[in-house]
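The primary structure of each chain is shown beneath.
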Amino acid sequence: MSHAATASDVKGLSHPLGVNNAKLCMWLFLCSEVMFFAGLIGSYIVLRLGSLTWPTPGEILNIPLTGVNTFILICSSVTMVKAFAWAHMGNQTKIKRHLFLTFLFGVIFLSIQAIEYYKLYHHHGLHPSGNLYGTCFYILTGFHGCHVLGGVIAVFVLWIRSLLGHFTKGRHAPVELVGLYWHFVDLVWIILFTIVYLI
Amino acid sequence: MKSFMHKYVFSTDHKMIGLQFLFTAFLFMLFGGLLAMAIRWQLAWPGTKLPVLGVIMPETYNVIFTMHGTFMIFFVVIAIMVGAFANFTVPLLIGAHDMAFPKINMASYWLFFISCVIMLASFFAPGGAAATGWTAYAPVSVKAPMGQSLWLISLIVLGVSSILGSLNYLTTIVNLRAPGMHFFRMPMTVWAIFITAILVLLATPVLTAALAMLLLDRVLDTTFFLAGTGQPVLWQHVFWFYSHPAVYIMILPAMGIASDVLSVFSRKPLFGYHAMVYALSAIAGLGFIVWAHHMFATGLNPTLGTTFMVATMFIAVPTGVKIFNWLGTLWGGSIHFSSAMLNAIAFVSMFVIGGLSGVFLAAASLDIYLHDTYFVVAHIHYVLFGGSLFGIFAGIYYWYPKMFGRMMNEKLGKIHFWLTFVFYNLTFFPMHIIGIHGMPRRFYDYKQYEFLRGLEPLQLLISISAFALFICQLPFVYNFFVNLFVGKKAPNNPWQANTLEWTIPSPAPHLNYAKVPIVYRWPYEYSLPHAKEDWLAQDQP
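A brief look at the structure comes next.

Reading the values: the criteria
Residues numbered from 1 in each chain as written. Chains lettered and ligands numbered in written order. Predicted model: local features only at pLDDT ≥ 70, side-chain atom pairs only at ≥ 80, totals over all residues. Heavy atoms only, no water. Helix = DSSP H or I, 4+ residues; strand = E, 2+ residues; numbered from the N terminus. Rg over C-alpha atoms; globule rule 2.2 N^0.38 Å. Buried < 20%, exposed > 50% of the residue type's maximum accessible area, 1.4 Å probe, protein only. Contact = heavy atoms within 4.5 Å. Areas by Shrake-Rupley, 256 points an atom, 1.4 Å probe, with all protein chains shown as cover. Lys, Arg positive; Asp, Glu negative; His and termini not counted. Charge placed at Lys NZ, Arg CZ, Asp CG, Glu CD. Patch = residues over 30% accessible without salt bridge, like charges linked within 9 Å, V, L, I, M, F, W, Y side chains within 5 Å. Salt bridge = Lys/Arg side-chain N within 4 Å of Asp/Glu carboxyl O. Axes fitted to C-alpha atoms, helices over the stretch in contact; angles between N-to-C directions. Parallel < 35°, antiparallel > 145°, perpendicular 65-115°, else oblique. Left-handed = near helix turned anticlockwise from the far one by under 90°. Nonpolar A, V, L, I, M, F, W, Y, C, P; charged D, E, K, R; others polar. 1 Å grid on protein atoms, 1.4 Å probe; cavity = no way out; pocket = protein on both sides within 12 Å on 5 of 7 lines; lining within 4 Å. Points joined across faces, edges and corners; volume = space filled by probe spheres on them. Polar contact = N/O pair within 3.5 Å; in protein donor to acceptor, adjacent residues only side chain to side chain. Disulfide = S-S within 2.5 Å. Phe/Tyr/Trp six-rings, centres within 6.5 Å; stacked < 30°, edge-to-face > 60°. Lys NZ or Arg CZ within 6 Å of the ring centre and 35° of its normal.

### Regarding the overall build of chain A
- Per the secondary structure count, chain A includes five helices and zero strands.
- The secondary structure elements of chain A, listed N-terminal to C-terminal, are α-α-α-α-α.
- Compactness check: chain A gives a C-alpha radius of gyration of 21 Å against a globular reference of 16 Å for 199 residues, more than 25% above the reference.
- Based on the C-alpha atoms only, the size of chain A along its principal axes is roughly 70 × 55 × 20 Å.
- By residue count, 46% of the 199 residues in chain A fall in the buried class.
- Long-range pairs, those at least 24 residues apart, make up 78% of the contacts in chain A between residues at least 6 apart in sequence.
- By element, 71% of the accessible surface of chain A is carried by carbon and sulfur atoms, the whole surface being about 9,600 Å².
- Positive and negative side-chain charges of chain A, numbering 11 and 6 respectively, have mean locations separated by a distance of 16 Å.

Have a look at this one:
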């Protein structure tokens, strides 16, 4: 019978995808995050297509400012990759430096976003309530901002741990996991920047 | 005391967490059942005084059917399928010591618990609990009293709990299978939970996004679902994008359980094992592209409606494959009518009826008429009670010995089964008829309408059968709880089943396997022509 045993059957099967538990879990978690943003972005597309009026790009939002902010977030992804690469090689000084830079870029991104919100709310009268454009703008970028905040906290914890010398050549899985999350948040921003600001 | 807390309350053992889900869900099953009794009381004798509650007012009636649906779907069926059974069975059936992340597993239960508390607390909110139906259609839900906000928060927390659970199941099934346990040697229960976990992982976040938007509409005055600026129908799209896959989240594990139970008690290999797996996957995949069949009555573009109709009807194909495979499994087997088996057979036959009425409802032109009538209520109960709940009963009768180390009483089990089966059909089958007659699903007092008055005899029949159905659960409650203490001690393998969990003592010890088992064969080696016994366990070379 085809289901009977053969000698090759009993070899170990752990990690058939070549990915350990934590990394697999992170990838799966990011899948669910993709679906969360898909729900939001899908709703945004439906609402915008169904709306009779919509401001033209740049009419309300400050595209150059957010363009700079986008660049800063992309830079933070670069420093994150570097941090992981140095962790892989076990260079303590450079892990610390790049984790700190990533953290710093993240904070700058959030600060610029906060300034942007403040100006839009108080100077341009754009509120989340009462009008659909404000609703979509604040909630989409706001949910992303919360994700960046979570990432910034995680990177901060990594940085502290790197100061304590927790990451060695052989043991630096948290750097990779947070890195995956950080790149995902970055990628979502590029999509949001495109559909909320540029189009 | 400390060890008690560690063992039974803040446990990281997958079996204990599964039982925590099970017992919490039992409590909600009681609440949800009592609410159903109140609904049936009102429909049998509208406006008469009910013991304890008094006369049900229209606002209260709305709360009652909303919370009946919410409890039964989110806190009973999903909790038992994805919380209790998945937790209890997955590591045991694949030969693992525990879940990949025991602490995340514990967090999953405690988030579930918090969400239960919030949902129960909503009854005491000003204006009462949510009263907009379990579907919470906008814009009514945007303007509803505060209970609706608690309802939303509770379900967001529940969603996070489910996602954490599914991360654990998927990681565990992919990475922690025992040596030799290839994907195509996994029991159908594990396959079903694997595919269900993918559905939970990908569908639940969309519901979370929808719930968050609705909550923001309520507390921040955003305008996602508000008529005029936003789009109320958008709520239905995002809600059903989750809630249609959710139907499969509730039924696929039952399909897995039934497959295993049918094979064990017919002493025959599962018919069409590979086809079963592909059919499960097909149902799950199609489940993502059919959501708008719940929305034919919203003024959906008829061309679009037709595509959703056709896609929906396609689901009948893999479903048919499964049903014929179950019949093929039974065919020519030496069938043992144990309590678990009877419930599994009831699952198959009742699910056929629920599936067929689903095809009726999928036909857009017919659905325009049947939408929001009792026909829909009949359909959902044939799928969720006739399907999921009989599957749950089958699973409980089957794994009870491994859960508690004691046997349930077979005679009581059979009495419970037959009474439930008869009164279940007497309760829900006539709902098809009153639905076709035009009885709307959420009317407070149907007697105010001339054309519905003739339904009184059927309404009485349904209500009296429903009360009987409720009372008939007493033998089960007795059987379950009393045998925890006085039941006959269970041997390792009372059913002579092949899967790994039956090779270890009952109840399964902490960390399950003293030595990692090695798997040599698929789980369905029954009635082998030349074997000594009529079964051969998976760990036998």
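### A few points about a nonpolar patch on the surface
- Nonpolar side chains collect at one region of the surface, where A:Leu149, A:Ile153, A:Phe156, A:Val157, A:Ile160, A:Leu163 and A:Leu164 lie side by side and expose about 610 Å² of accessible area between them.
- With respect to the secondary-structure elements, A:Ile153 resides in helix H4 (residues 132-163).

### Quick word on the packing of helix H3 (residues 58-94) of chain B against helix H7 (residues 188-219) of chain B
All names here are of chain B.
- Orientation of H3 relative to H7, taken along the N-to-C sense of each, is 135°, at an axis distance of 10 Å. Taken together, H3 and H7 sit at an angle that is classed as oblique. Pair H3 / H7 crosses with left-handed handedness. Residues Phe74, Val82, Phe85, Ala86, Thr89, Val90, Leu93 and Ile94 of H3 form the contact with H7, whose own contacting residues are Thr189, Val190, Ile193, Thr196, Val200 and Leu207.
- Here the contact of H3 with H7 is built from residues that sort into 11 nonpolar, three polar and no charged.

### Concerning empty space enclosed by the protein
All names here are of chain B.
- For the structure on display, the rule yields five cavities of 30 Å³ or more.
- For the largest cavity, the lining is made up of 13 residues, of which Phe21, Val82, Gly83, Ser161 and Ser162 are closest to its centre.
- Mapped by element, the contributors of at least two residues to the lining of the largest cavity are H3, helix H4 (102-121) and helix H6 (147-175).
- Grouping the constituent residues of the lining of the largest cavity by class yields eight nonpolar, five polar and no charged.
- Empty space within the second largest cavity amounts to approximately 70 Å³.
- Forming the walls of the second largest cavity are Phe74, Ile78, Leu155, Leu158, Gly159, Ser162, Thr204, Leu207 and Tyr242.

### Description of the side chain of A:Thr66
Residue and element names in this part refer to chain A.
- Within the secondary structure layout, Thr66 lies in helix H2 (residues 63-89).
- A polar side-chain atom of Thr66 sits 3.2 Å from the main-chain carbonyl oxygen of Asn62.
- Setting aside anything within four residues of it in sequence, one finds Thr66 in contact with Glu116, Trp189, Phe193 and Tyr197.

### Some remarks on the layout of surface pockets
All names here are of chain B.
- Of the pockets and cavities examined, the second largest pocket occupies roughly 750 Å³.
- If you trace the second largest pocket, you find 28 residues lining it, with Leu35, Leu53, Thr60, Ile64 and Phe123 closest to the centre.
- Put simply, the parts of the chain that give the lining of the second largest pocket at least two residues each are helix H2 (14-44) and H3.

### Looking at the state of the cysteines
All names here are of chain A.
- Tallying each qualifying case throughout the model produces zero disulfides over all chains.
- This cysteine, Cys136, is not joined by any disulfide, and Cys146 carries the nearest cysteine sulfur, 16 Å off.
- For Cys136, a relative accessible area of 1% translates into the label buried.

### Re the environment of A:Val152
Residue and element names in this part refer to chain A.
- Within the fold, Val152 resides in helix H4.
- By relative accessible area, Val152 is classed as buried at 6%.
- It is 38 Å that separates the C-alpha atoms of Val152 and Leu52, two residues lying 100 residues apart in sequence.

### Describing the interface of chain B and chain A
- The interface of chain B with chain A comprises 43 residues on the first partner and 40 residues on the second.
- Our count for the chain B to chain A interface comes out at zero salt bridges.
- Counting the contacts that link chain B with chain A gives five residue pairs in polar contact (both at pLDDT 80 or more).
- Within the residue set of the side of chain B that touches chain A, elements represented by two or more residues are H6, H7 and helix H8 (232-266) of chain B.
- In terms of residue count, H7(B) provides more of the side of chain B that touches chain A than any other element does, nine residues in total.
- A per-class count over the side of chain B that touches chain A returns 27 nonpolar, 11 polar and five charged.

### Let's talk about the packing of aromatic side chains
- What the rule picks out here adds up to 92 aromatic pairs over all chains.
- Measuring from centroid to centroid gives 5.5 Å for A:Phe36 and A:Phe37, while their planes differ by 85°, and the two rings are edge-to-face. When sorted by exposure, A:Phe36 lands in the same class as A:Phe37, which is buried.
- Here the aromatic rings of B:Tyr61 and B:Phe65 are separated by 5.6 Å at their centres, their planes lie at 75°, and the arrangement is edge-to-face. With B:Tyr61 and B:Phe65 both in helix H3 and four residues apart, the pair spans about one turn of that helix.
- Linked through ring pairs, B:Phe10, B:Phe21, B:Phe28, B:Phe31, B:Phe71, B:Phe75, B:Tyr109, B:Trp110, B:Phe112, B:Phe113 and B:Phe123 together constitute an aromatic cluster.
- For the cation-ring pair, B:Arg177 lies above B:Phe183, with the distance from its terminal atom to the ring centre recorded as 4.0 Å.

### Topic: unusual backbone geometry
Residue and element names in this part refer to chain B.
- Looking along the chain, the bond that leaves Ala138 and enters Pro139 is cis, with omega of 0°.
- Within the secondary structure layout, Pro139 lies in the loop between H4 and helix H5 (140-143).
- In this model, Ser506 is joined to Pro507 through a cis peptide bond whose omega is -5°.
- For Pro507, the location among the structural elements is in the segment after helix H17 (474-486).
- Even without glycine at this site, Leu511 takes up a positive phi of about 65°.
- Secondary-structure assignment places Leu511 in the segment after H17.

By themselves, these figures tell us nothing about what the structure is for.
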